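What the coordinates show
Given next are the chains, with one letter for each unit.
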Amino acid sequence: MLKLIFNIFVVYAIWQLIRMMFAVNKTQEKFHEKMRDMDRDMSRPEPKANSNKSKDKNEGEYIDYEEIK
């Protein structure tokens, strides 16, 4: 009787390991698919911004800090 319970436990443990392996494999496939999508998106050239817009002349100009007493 004890041997039967032990065998059932071993079969159950092996079944759980197999299920875990399938879950890990599925997760890896999803991860690799997302990485391929991201790589494909990164390799696409970005559209260039329109440089004809009017810009403020002082934009980006450094202004010295002046302490007020």
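Residues numbered from 1 in each chain as written. Predicted model: local features only at pLDDT ≥ 70, side-chain atom pairs only at ≥ 80, totals over all residues. Heavy atoms only, no water.

Concerning the overall build of the protein
Note the threshold: Numbered from the N terminus, helices here are DSSP runs of H or I no shorter than four residues, and strands are runs of E no shorter than two. We call a residue buried when its accessible area falls under 20% of the maximum for its residue type, exposed when it is over 50%, and partly exposed in between, using a 1.4 Å probe and counting protein chains only.
What the protein contains, in helices and strands, is one helix and zero strands. Across the 69 residues in the protein, those meeting the buried criterion constitute 0%.

Observations regarding the pattern of salt bridges
Condition: Each salt bridge in this description consists of a side-chain nitrogen of Lys or Arg and a carboxyl oxygen of Asp or Glu lying within 4 Å of one another.
Applying the stated criterion to the full structure yields two salt bridges. A salt bridge links arginine 40 to aspartate 37, with the shortest nitrogen-to-oxygen separation between them at 2.7 Å. Of this pair, arginine 40 and aspartate 37 both sit in helix α1 (residues 2-43), three residues apart, roughly one helical turn. Aspartate 37 gets classed as partly exposed once you look at its relative accessible area, which sits at 27%. Between arginine 44 and aspartate 41 there is a salt bridge whose closest N-O contact spans 3.5 Å.

Looking at a nonpolar patch on the surface
Inclusion rule: Candidate patch residues must exceed 30% relative accessible area and have no salt bridge, after which like charges are joined if within 9 Å and Val, Leu, Ile, Met, Phe, Trp or Tyr side chains if within 5 Å. Under the convention used here, a 1.4 Å probe and the Shrake-Rupley method define accessible areas, while residue burial counts only the protein chains that appear.
Together, Phe6, Phe9, Val10, Ile14, Ile18 and Phe22 make up an exposed nonpolar region whose accessible area comes to about 610 Å². Among the secondary structure elements, isoleucine 18 is positioned in helix α1. Exposure remark for isoleucine 18: the relative accessible area of 34% places this residue in the partly exposed category.

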